[in-house]
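Tertiary structure, described
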Amino acid sequence: MAKQNMRYITLPSGDDVPVFGQGTWFMGERDSDIQREIQTLQHGIDRGLTLIDTAEMYADGGAEKVVGAAIKGRRDEVFLVSKVLPSNASARGTITACENSLRRLGTEYIDLYLLHWRGHIPLEETVNAMEDLVEQGKIGQWGVSNFDVDDLNELMTVVDNEQVATNQVLYNLSRRGIEYDLLPWCRSNSMPVMAYSPIEQARLLKHPALIEVAKRHNATAAQIALAWVLRDHNIITIPKASNIEHMVENIDSLAIKLQHEDYVTLDATFPPPSRKTALEML
Ligand SMILES: NC(=O)c1ccc[n+]([C@@H]2O[C@H](COP(=O)([O-])OP(=O)(O)OC[C@H]3O[C@@H](n4cnc5c(N)ncnc54)[C@H](OP(=O)(O)O)[C@@H]3O)[C@@H](O)[C@H]2O)c1
């Protein structure tokens, strides 16, 4: 079912990745949850959610260990995304951070390595380290996260747009600011966007407008929130689910086609931006 409904997006490198991946923030925090988290990730992979997003920051490396356990013996089936902390993103620090992530993930390469957010290290230094990692075969490609338009314009003074695989940013019905400038910028620079926290960490789910639209589709609020993010064909999303019921429910959003009246209802409650606002992050 999921594999039939799955759409794919082509990154600037030419790699096709599913538009619906799996997040891992807060995984690996508690020993008693780890087995369930591993099984949920594996269920997701079985259902075609082969893009997995993690970071050295999550549970201080614990989430990468959970991912490593989930992909053991099936590395080739997945497209792994991890992130370097800005405080580690120096020439030497980026390489060391990546090597530590590789060890925790139990793999020889990360498909896509992101700068988690902008820090104080000059962009050029981080970019050079990313390019070194590509040359060494430790990462397939690199990208950024939490970059606003100004940051992206500055990045373009150092590299070409096709070198940057994605910009991973906060985007959901209650965080539409990027529709004003960042999404158009990424589309015109052929840079796919990876939307994080697509259900606003479950805070969106009790919203009456979402529930109203969900009723029309015999669906749940989470499914509508995810279908809404995926209406834009330049977007990949990475909801996090650490139990199989949530995972299965979320995957079924791929079959939902929102209609004009649904957009009208949702826009009335969650209006699109009419001016520039600074990029929000969680
Ligand atoms: N680059 C960045 O700075 C950044 C920032 C934030 C997030 N991210 C990435 O994006 C991923 C997704 O964002 P997120 O984890 O912040 O938020 P999210 O995906 O919007 O929400 C995750 C939360 O929603 C719950 N949930 C999932 N499906 C549900 C359903 N069908 N019904 C009810 N609750 C449901 C999950 O519970 P259970 O776990 O119990 O299933 C979890 O508590 C992260 O995990 C991380 O990989 C990146």
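Look above for the structure.
In what follows, the accompanying structure is described. Model, not experiment: these values are computed from the prediction. (Residues numbered from 1 in each chain as written. Predicted model: local features only at pLDDT ≥ 70, side-chain atom pairs only at ≥ 80, totals over all residues.)

**Describing the sheet that holds strand S7 (residues 164-170)**
What the seven strands build is an open sheet, ordered S3-S4-S5-S6-S7-S8-S9; its pairing is parallel. With one partner strand each, in any of the chains shown, strand S3 (51-53) and strand S9 (235-237) form the two edges of the open sheet. If you compare each strand with its neighbour and ignore which way they point, the axes differ by 30 degrees on average. In terms of strand pairing, S7 meets strand S8 (residues 193-196) through four bridges, oriented parallel. When the bridges of S8 are listed, Asn 167 appears paired with Val 193. (Pairing = 2+ DSSP bridges. Helix = DSSP H or I, 4+ residues; strand = E, 2+ residues; numbered from the N terminus. Axes fitted to C-alpha atoms, helices over the stretch in contact; angles between N-to-C directions.)

**A word on the environment of Val 158**
Its location among the elements puts Val 158 in the loop between helix H6 (149-155) and S7. Distance in space between the C-alpha atoms of Val 158 and Glu 124 is 6.2 Å, their sequence separation being 34 residues. With sequence-adjacent residues up to four places away left out, Val 158 is seen in contact with Leu 123, Glu 124 and Val 127. (Contact = placed C-beta atoms within 7 Å.)

**A look at the site of the ligand**
Of all residues adjacent to the ligand, which total 28 residues, the nearest are Gly 23, Trp 25, Tyr 196, Lys 240 and Ser 242. For the shell around the ligand, the element with the highest residue contribution is helix H10 (residues 244-251), accounting for three residues. Of the residues assigned to the shell around the ligand, the class counts are 12 nonpolar, 12 polar and four charged. (Near = placed C-beta within 6 Å. Nonpolar A, V, L, I, M, F, W, Y, C, P; charged D, E, K, R; others polar.)

**Here's the deal with the nonpolar core**
Among the nonpolar cores identified, the biggest contains 81 residues, and Tyr 113, Ile 224 and Ala 225 are the most heavily contacted of them. A per-element tally of this core places helix H9 (residues 221-229) first, with eight residues. Leave out the neighbours within four places in its chain, and Ile 224 touches Leu 210, Val 213, Ala 214, His 217, Ala 219 and Ile 256. (Core = buried A, V, L, I, M, F, W, Y, C linked by C-beta atoms within 7 Å. Buried ≥ 20, exposed ≤ 12 C-beta atoms within 10 Å, placed from the backbone.)

**Here's the deal with the pairing of strand S5 (residues 110-115)**
Among the six residues that make up S5, six are buried, leaving the element largely enclosed by the rest of the structure. As defined by bridge partners, strand S4 (residues 79-84) adjoins S5 across four bridges and the pair is classed as parallel. Residue pairing in the sheet places Val 84 in a bridge with Leu 115 of S5. Viewed along the sheet, the connection from S4 through helix H4 (residues 91-105) into S5 turns out right-handed. In the sheet, S5 pairs with strand S6 (residues 139-145) via five bridges, with the strands oriented parallel. (Right-handed = clockwise from strand over helix to strand, strands pointing away.)

**Here we look at the environment of Met 247**
Positionally, Met 247 belongs in helix H10. Setting aside residues up to four positions removed in sequence, Met 247 forms contacts with Thr 40, His 43, Gly 44 and Ala 241.

**Some thoughts on unusual backbone geometry**
Positive phi, close to 50 degrees, is recorded for Ala 59, a residue that is not glycine. Its identity as a non-glycine residue notwithstanding, Asn 218 has a phi of 55 degrees, on the positive side. With 8 C-beta atoms counted inside 10 Å, the residue Asn 218 sits in the exposed group.

**Regarding H4**
With 15 residues, H4 extends 22 Å between its outermost C-alpha atoms, agreeing within 8% with the 21 Å of an ideal straight helix rising 1.5 Å per residue. Burial in H4 covers these residues: Thr 94, Ala 97, Cys 98, Ser 101, Leu 102 and Leu 105. Seen from one end, H4 has its buried residues packed into an arc of 140 degrees, which puts them on one side. Opposite the buried face of H4, by more than 90 degrees, sit the exposed residues Arg 92 and Glu 99. On its buried side, H4 packs onto helix H3 (62-71), S4, S5, helix H5 (123-135) and S6. A positive phi of about 65 degrees marks Gly 106, the residue just after H4. (Expected span 1.5 Å × (residues − 1). Arc of directions from axis to C-beta.)

**Brief notes about helix H2 (residues 31-46)**
With 16 residues, H2 should cover 22 Å at 1.5 Å per step; its first-to-last C-alpha distance of 24 Å lies within 8% of that length. Regarding H2, the residues found buried are Glu 37, Ile 38, Thr 40, Leu 41 and Gly 44. One or two steps after H2, the chain reaches Gly 48, where phi turns positive at roughly 100 degrees.

**Topic: the pairing of S4**
The two faces of the sheet receive side chains in turn, since in a regular strand these alternate between them. With respect to burial, S4 is a largely interior element, five of its six residues being buried. Sheet topology places S3 next to S4; three bridges connect them, and they run parallel. Bridged to Leu 51 within S4 is Phe 79. Remark: the S3/H3/S4 crossover connection has right-handed handedness.

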